[in-house]
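# Residue-level structure breakdown
Here's the letter readout for the chains.
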Amino acid sequence: MVVGRLAPTPSGHLHLGNACAFAAAWLSARARAGRVLLRIEDIDRERSRAEVEQGQRRDLAWLGLDWDEETPRQSERDYDDALARLGARGMTYFCQCTRADLRRSGGVYPGTCRDRGLAEGALRFRLDDAQQVLVRDRRFGERSERPASFGDPVLRRRDGTISYNLAVVVDDIRDGVTEVVRGADLLGFTSVQIVLWRALDAPEPTWMHAPLVLGPADAAGARSKLSKSHGSMHLAAMRDAGWQPADVWRLVLPWIGVPNTDSLGDAIAKFAADGGSAARGFDPQRGPRGPIELDYDQSVACPAPGSVVWRTSA
Ligand SMILES: [Zn+2]
């Protein structure tokens, strides 16, 4: 059975990019009569806020994104066992490089401490320099990546906090997740996560990356990923400004290949009518690969439904 998950991070309001990725995860599981889990990804306790989480739950309910089971939140979980297993296989090492050291090496960690035999510091995952990994994505197709090109990732920081990169893999394995759906900004790093899945002896999930959603161009013509900085365009503000769930879905669902649809239930019904079964009806490759470029009037508190337009070059 397909097991998908919605995994919000309670550090910022949900926006249209999150709605798109969550819809892809939900539809992909539901179209195959699969299960949907909810997991609160609050591994970064400093940035996680209870009131933001409550707001996110309201947003999910409003949009009709439901789940079968809520699994333990990250802040309640233990990752020592996974670290011990990786350590026993010689796949981890301590690193004492400073931020300044990392800046000097241009952002990608060059493996400075790999063979220093240090007894404390941040714990890093040892990647194989020569290894190529085939990433199969349901939207973006197949690509060969060299995980080591990202540098050995930190699994546990010097202050003892667990990195998101480790937590998300350990959680997905423990929760029995079979399909990981998330934003395309994480596509490249998937190869590193695949190596972690394998190192923990788990069968690799299927992957699907929803298109990146970019806000309007700034004065210099540059667009950035939709985020908190595009303040008026988060779901709660849109709801307050009179948007209905149907307005959100008519805008967002075409980005994952589901046009002219104004609810998730309607989408499932249409898949069944189109493909003979809902499972065959949801084909994420029908949508643009993105990124999705949004344009709307930024001088108003929140643009009206129908005044937000989008385009994509791919
Ligand atoms: Zn180091």
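Assigned secondary structure in the protein consists of 10 helices and 13 strands. Compactness check: the protein gives a C-alpha radius of gyration of 20 Å against a globular reference of 20 Å for 314 residues, within 12% of the reference. Viewed in the frame of its principal axes, the protein has a C-alpha envelope of about 60 × 45 × 35 Å. Of all 314 residues assigned to the protein, the portion counted as buried reaches 38%.

Bridge count for strand β6 (residues 133–137) against strand β7 (residues 141–145) is five bridges, and the pairing is antiparallel. Bridging across to β7, D137 finds its partner in G141. Between β6 and the antiparallel strand that follows it, β7, lie three residues.

Moving on to the nonpolar core. Core analysis: the largest hydrophobic core is formed by 75 residues, its most contacted members being A19, C20, A23, A24, W26 and V252. Per-element tally for this core: the top contributor is helix α1 (residues 16–30), with 11 residues. Once you skip the residues sitting within four places of it in the chain, A19 turns out to touch L14, L63, L235, V248 and V252.

A few words now on the environment of G64. Inspection of the secondary structure assignment puts G64 in the loop between α2 (50–63) and β3 (69–70). Sequence separation between G64 and A23 is 41 residues; the distance between their C-alpha atoms is 9.6 Å.

Once that is clear, we can look at the sheet that holds strand β2 (residues 35–38). Here we have three strands laid out as an open sheet, ordered β1-β2-β3, and parallel in their pairing. If you trace the sheet from one side to the other, it starts and ends with β1 (3–6) and β3, each paired once. Here four bridges tie β1 to β2, and the two strands are oriented parallel to one another. Along β2, the bridge assignment pairs V3 with R35.

This part covers unusual backbone geometry. Excluding glycine, most residues fall at negative phi; most peptide bonds, likewise, are trans. Going from G290 to P291, the amide bond is cis rather than trans, its omega being -5°. Looking at the secondary structure, you find P291 in the loop between α10 (278–281) and β12 (292–295). A positive phi angle is found at D201, which is not glycine, with a value near 60°. Note that D201 resides in the loop between α6 (190–199) and β10 (206–210). Since 8 C-beta atoms lie within 10 Å of it, D201 is described here as exposed.

What follows deals with the sheet that holds strand β5 (residues 122–125). Across the sheet, three strands lie side by side as β4-β5-β8; this open sheet has antiparallel pairing. A strand with exactly one partner marks an edge of an open sheet, and here the two such strands are β4 (92–95) and β8 (154–156). Averaged over all adjacent pairs, the angle separating strand axes in this sheet is 45°, with direction ignored. When β4 meets β5, the two strands line up antiparallel, connected through four bridges. Among the inter-strand pairings, Y93 is bridged to a residue of β5, identified as R124.

As a further point, take the packing of helix α5 (residues 164–175) against α6. Where α5 meets α6, the closest approach of the two axes is 10 Å, and the angle between their N-to-C directions is 50°. Between α5 and α6, the angle is such that the two are oblique. Once α5 is placed against α6, the crossing between them reads as right-handed. Along its contact with α5, which presents N165, V169 and I173, the element α6 presents Q193, L196 and W197.

Position of P72 relative to the elements: it lies in the loop between β3 and α3 (80–88). Using a count of 13 C-beta atoms within 10 Å as the deciding quantity, one classes P72 as partly exposed. Separated by 33 residues in the primary sequence, P72 and R39 have C-alpha atoms spaced 6.6 Å apart.

Quick notes on the rules
Residues numbered from 1 in each chain as written. Predicted model: local features only at pLDDT ≥ 70, side-chain atom pairs only at ≥ 80, totals over all residues. Helix = DSSP H or I, 4+ residues; strand = E, 2+ residues; numbered from the N terminus. Rg over C-alpha atoms; globule rule 2.2 N^0.38 Å. Buried ≥ 20, exposed ≤ 12 C-beta atoms within 10 Å, placed from the backbone. Pairing = 2+ DSSP bridges. Core = buried A, V, L, I, M, F, W, Y, C linked by C-beta atoms within 7 Å. Contact = placed C-beta atoms within 7 Å. Axes fitted to C-alpha atoms, helices over the stretch in contact; angles between N-to-C directions. Parallel < 35°, antiparallel > 145°, perpendicular 65-115°, else oblique. Left-handed = near helix turned anticlockwise from the far one by under 90°.

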